[in-house]
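Spelled out from the first residue to the last, the chains are:
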2 protein chains.
Amino acid sequence: MAATSQAVDDYLKAILELSGSATELVSSNALAARLGVRAASVTGMLQKLAAQRPPLVVYQKHRGVRLSSAGKQRAWEIVRHHRLLELFLHNILKYPLDEVHEEAERLEHFISERFEDRVAALLGDPKIDPHGHVIPHKHGTHAFPDEVPLADWPAGEPAVIRSVGDRDPAALRELQRLDLVPGVTIVVKVRNPNAVTLSALPGRNTPFRLSNELVNQIAVAATSR
Amino acid sequence: MAATSQAVDDYLKAILELSGSATELVSSNALAARLGVRAASVTGMLQKLAAQRPPLVVYQKHRGVRLSSAGKQRAWEIVRHHRLLELFLHNILKYPLDEVHEEAERLEHFISERFEDRVAALLGDPKIDPHGHVIPHKHGTHAFPDEVPLADWPAGEPAVIRSVGDRDPAALRELQRLDLVPGVTIVVKVRNPNAVTLSALPGRNTPFRLSNELVNQIAVAATSR
DNA sequence: AGAGAAATTTAGGCATCCCTAAATATCTGA
DNA sequence: TCAGATATTTAGGGATGCCTAAATTTCTCT
Ligand SMILES: [Mn+2]
Ligand SMILES: [Mn+2]
Ligand SMILES: [Mn+2]
Ligand SMILES: [Mn+2]
């Protein structure tokens, strides 16, 4: 497989991250917004990725794009780099949680296979990154975890925080301050259009309100098992 | 100071490494050979570097180029990244000695100041990289060590290996096999145009011949002190 | 069906960094 | 001094990846 540039890597990863289910098409505009480039630039790049041999994406004009199997492989590879790097930066180099993402976002494109393997070994073949995201295996993808966005979770039902978003440092600092980190159990008391109120919990005296901006950073799962 | 591209970094580092003494001019052809590009490309880049504000090099047409103080600062910065990374790869990630250079050569351009600082802390503010090269301080340059090329060392006088070249993996493996690594004491018995013969040494039964290719990888200093 | 939203196309441009080939200029040593 | 070595200039090009602006196509919803 031909080597991919940083820009290509970023497009593939963005398509992966925007396509919730594997078959869902991602629109050009969504990609443009996520990558901070113009729609015309996206169209150009998608055509290039689809024209490559083997193609990295399956591109349907006006309908959207999804990863080909080669594209999926490369995208997961980059995600593995990213999450291993984040854990390394946090656990070994003692980076604050809200600073790991930016550095990993840069370095993920440049580390070698050997670096990836040695870091994984140093960390003891970890399964979860410091935000609670699953670290994919070296070859092949990984099953989607059973987590759902907190915004979709029913009120009254206890839930465990599985992961938090890694892209917004300010939100991350706030979540840490509130102790809303992976592993913590919460209960939604009320859901409004713009916020969610969480019930009082052990170690916290009053119910409190979480803005959607923070709610959207959190993914949860049932407390059972 | 404006951010420098990878290509600019590589030019600055090459100028630094090719100018033995601080004031020595480096020729365009020497740079072209070291960087694996054409002389015409070098001329173009040198003009760009000299035109920058502040200038990164002092360029005298037909005579050569040397680093300005801004250029020197950036070049030493990259060298610090490189040598810290090499030591990190060797000591923490357990890379073989002959594989650290290539990875460091790539990553040196992309790590942040924070990464540099945290790696230095993890390694205990090291002074010497795994090839025996001095790791410059974070701000400002460093004094040149007292080492000289083995090719310039007088026969009969014992010498300690101070450093070995990091750019040729095959040569490095051979030097390790021969136990010619930093810290080891040697004596030159005979010098030929194409080789040097070392005297028998503790742990070695016969004198042996070292090709210039290997001799040129080694820098030594007096055994005293 | 028609309007508005979404996406694409086209045409031109910018920046970086590299290449070749040929002509020219400068330097240096015998 | 002058020939050969060294370096520069000029003029052309390629690749990547981004931009704008305007025109157009396609889709989707009412
Ligand atoms: Mn990899
Ligand atoms: Mn993460
Ligand atoms: Mn630095
Ligand atoms: Mn080294």
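Residues numbered from 1 in each chain as written. Chains lettered and ligands numbered in written order. Predicted model: local features only at pLDDT ≥ 70, side-chain atom pairs only at ≥ 80, totals over all residues. Heavy atoms only, no water.

Below, the discussion takes up the overall build of chain A. Scanning chain A from terminus to terminus reveals eight helices and eight strands. Radius of gyration (C-alpha) of chain A: 19 Å, near the 17 Å computed for a compact globule of 225 residues. Projecting the C-alpha coordinates of chain A onto the three principal axes gives extents of approximately 60 × 45 × 30 Å. If you take every contact in chain A between residues at least 6 apart in sequence, the share linking residues at least 24 apart comes to 61%. Accessible surface, chain A: about 11200 Å² in total, of which carbon and sulfur atoms supply 52%. Of the side-chain charges in chain A, 27 are positive and 26 negative, and the distance between the mean point of each set is 4 Å. (Helix = DSSP H or I, 4+ residues; strand = E, 2+ residues; numbered from the N terminus. Rg over C-alpha atoms; globule rule 2.2 N^0.38 Å. Contact = heavy atoms within 4.5 Å. Areas by Shrake-Rupley, 256 points an atom, 1.4 Å probe, with all protein chains shown as cover. Lys, Arg positive; Asp, Glu negative; His and termini not counted. Charge placed at Lys NZ, Arg CZ, Asp CG, Glu CD.)

Let's shift gears to the protein's contact with DNA strand D. Surveying the vicinity of DNA strand D reveals 19 residues, the closest of which are Ser5, Ser41 and Lys48 of chain A together with Gln47 and Tyr59 of chain B. Taken together, the elements giving at least two residues each to the surface near DNA strand D come down to α1 (6-18) and α3 (39-51) of chain A together with α2 (28-35) and α3 (39-51) of chain B. Counting residues per element, the surface near DNA strand D draws most heavily on α3 of chain B, at three residues. The residue makeup of the surface near DNA strand D, split by class, is five nonpolar, 10 polar and four charged. (Near = heavy atom within 4 Å. Nonpolar A, V, L, I, M, F, W, Y, C, P; charged D, E, K, R; others polar.)

The expected angle between donors at a tetrahedral four-coordinate metal is 109.5 degrees. At an octahedral six-coordinate metal it is 90 or 180 degrees. Residues and elements named next belong to chain B. The manganese ion (ligand 3) binds to the protein through Glu77 (OE), His81 (NE2), Glu113 (OE) and Glu116 (OE), with metal-donor distances spanning 1.7 to 2.1 Å. Taken in sequence order, the residues that donate to the manganese ion (ligand 3) follow the motif E-x3-H-x31-E-x2-E. In this pair, glutamate 77 sits in helix α4 (residues 69-91) while glutamate 113 sits in helix α6 (residues 113-122), placing the two residues 36 residues apart along the sequence. (Donors = N, O, S within 2.8 Å, 3.2 Å for Na, K, Ca; no water.)

Attention now goes to the sheet that holds strand β8 (residues 218-222) of chain A. Residue and element names in this part refer to chain A. Taken in spatial order, the six strands of this open sheet run β3-β8-β4-β5-β6-β7, and their pairing is antiparallel. Of all the strands in the sheet, just β3 (148-149) and β7 (208-211) have a single pairing partner and so form its edges. Note: strand β6 (residues 195-198) against β7, four bridges, orientation antiparallel. Bridged to valine 196 within β7 is leucine 210. (Pairing = 2+ DSSP bridges.)

What follows concerns the coordination of the manganese ion (ligand 2). Residues and elements named next belong to chain A. Bound to the manganese ion (ligand 2) on the protein side are Glu86 (OE), Asp129 (OD) and His131 (ND1), at distances that span 2.0 to 2.4 Å. The sequence pattern describing where the donors of the manganese ion (ligand 2) fall on their chain is E-x42-D-x1-H. Separated by 43 residues along the polypeptide, glutamate 86 in helix α4 (residues 69-91) and aspartate 129 in the loop between α6 (113-122) and β3 bring together distant segments of the chain. Both residues of the pair, glutamate 86 and aspartate 129, belong to the buried class. (Buried < 20%, exposed > 50% of the residue type's maximum accessible area, 1.4 Å probe, protein only.)

So, about the nonpolar core. Judged by nonpolar contacts, the single largest core of 34 residues is most densely connected at Phe88, Leu89 and Phe115 of chain A together with Phe88, Leu89 and Phe115 of chain B. Only α4, α5 (100-107) and α6 of chain A together with α4, α5 (100-107) and α6 of chain B provide two or more residues apiece to this core. Sequence-distant contacts of phenylalanine 88 of chain B, defined by excluding residues within four places in its chain, comprise Phe88 and Phe115 of chain A together with Leu93, Val119, Leu122 and Leu123 of chain B. (Core = buried A, V, L, I, M, F, W, Y, C linked by side-chain atoms within 4.5 Å.)

The subject of this paragraph is the packing of α1 of chain A against α4 of chain A. Residue and element names in this part refer to chain A. α4 packs onto α1 with a crossing angle of 95 degrees between their chain directions and a minimal axis gap of 9 Å. For the element pair α1 / α4, the angle class is roughly perpendicular. Residue-level inspection shows Asp9, Leu12, Lys13, Leu16 and Glu17 of α1 in contact with α4, the latter providing Gly71, Arg74, Ala75, Trp76, Ile78, Val79 and His82. Partitioning the contact of α1 with α4 into residue classes produces six nonpolar, two polar and four charged. (Axes fitted to C-alpha atoms, helices over the stretch in contact; angles between N-to-C directions. Parallel < 35°, antiparallel > 145°, perpendicular 65-115°, else oblique.)

Among all positions in α5 of chain B, only Val100, His101, Glu103, Ala104 and Leu107 of chain B are buried. Each buried residue of α5 of chain B lies within a common arc of 165 degrees when the element is viewed along its axis, so the set occupies one face. In this structure, the buried residues of α5 of chain B make contact with α6 of chain A together with α4 of chain B. (Arc of directions from axis to C-beta.)

Moving on to the environment of arginine 63 of chain B. Residue and element names in this part refer to chain B. Structurally, arginine 63 can be placed in the loop between β1 (57-60) and β2 (64-67). Since its relative accessible area comes to 56%, arginine 63 is described here as exposed. Through-space distance from the C-alpha of arginine 63 to that of valine 26 is 8.2 Å; in sequence the pair is 37 residues apart.

The next subject is the domain arrangement of chain A. The domains assigned to chain A are domain 1 (2-67), domain 2 (72-144) and domain 3 (148-222). On a C-alpha basis, the centroid separation for the pair domain 1 of chain A and domain 3 of chain A is 31 Å. (Domains from an automatic or database assignment.)

This brings us to the sheet that holds strand β4 (residues 158-164) of chain B. Residue and element names in this part refer to chain B. Read from one edge of the open sheet, six strands run β3-β8-β4-β5-β6-β7, paired in antiparallel fashion. At either end of the open sheet lies a strand with only one pairing partner, and these are β3 (148-149) and β7 (208-211). As judged from the two bridges shared by β3 and strand β8 (residues 218-222), these two strands associate in the antiparallel manner. The partner of valine 148 across the bridge, within β8, is valine 220.

With that settled, the discussion passes to the side chain of serine 19 of chain B. Residue and element names in this part refer to chain B. Note that serine 19 resides in the loop between α1 (6-18) and α2. The exposure class assigned to serine 19 is buried, which follows from its relative accessible area of 9%. Of the polar contacts made by the side chain of serine 19, one reaches the backbone oxygen of leucine 16; its length is 3.3 Å. Excluding residues that lie within four positions of it along the chain, serine 19 makes contacts with Glu24 and Val26. (Polar contact = N/O pair within 3.5 Å; in protein donor to acceptor, adjacent residues only side chain to side chain.)

We now examine α1 of chain B. Taking 1.5 Å of rise per residue, the 13 residues of α1 of chain B would be expected to cover 18 Å, and the 18 Å separating its terminal C-alpha atoms lies within 8% of that figure. Within α1 of chain B, the full set of buried residues consists of Val8, Asp9, Tyr11, Leu12, Lys13, Ala14, Ile15 and Leu16 of chain B. (Expected span 1.5 Å × (residues − 1).)

Overlaying chain B on chain A yields an RMSD of 0.1 Å, the required transformation being a rotation through 180 degrees with an accompanying axial translation of 0.0 Å. The transformation relating the two chain copies, once decomposed into turn and shift, fits a two-fold axis. Same-surface contact between copies: 100% of interface residues of chain B are shared with the interface of chain A. (Least-squares fit on C-alpha atoms with pLDDT ≥ 70 in both.)

This part takes up the packing of α4 of chain B against α5 of chain B. Residue and element names in this part refer to chain B. Following both chains from N to C, one finds α4 and α5 inclined at 135 degrees, their axes separated by 9 Å at the closest point. The angle between α4 and α5 falls in the class oblique. Like other packed secondary-structure pairs, α4 and α5 cross with a definite hand, here right-handed. In contact with His82, Leu85, Glu86, Leu89 and His90 of α4, α5 contributes Val100, His101, Glu103, Ala104, Glu105 and Leu107. Of the residues belonging to the contact of α4 with α5, the class tally is five nonpolar, three polar and three charged. (Left-handed = near helix turned anticlockwise from the far one by under 90°.)

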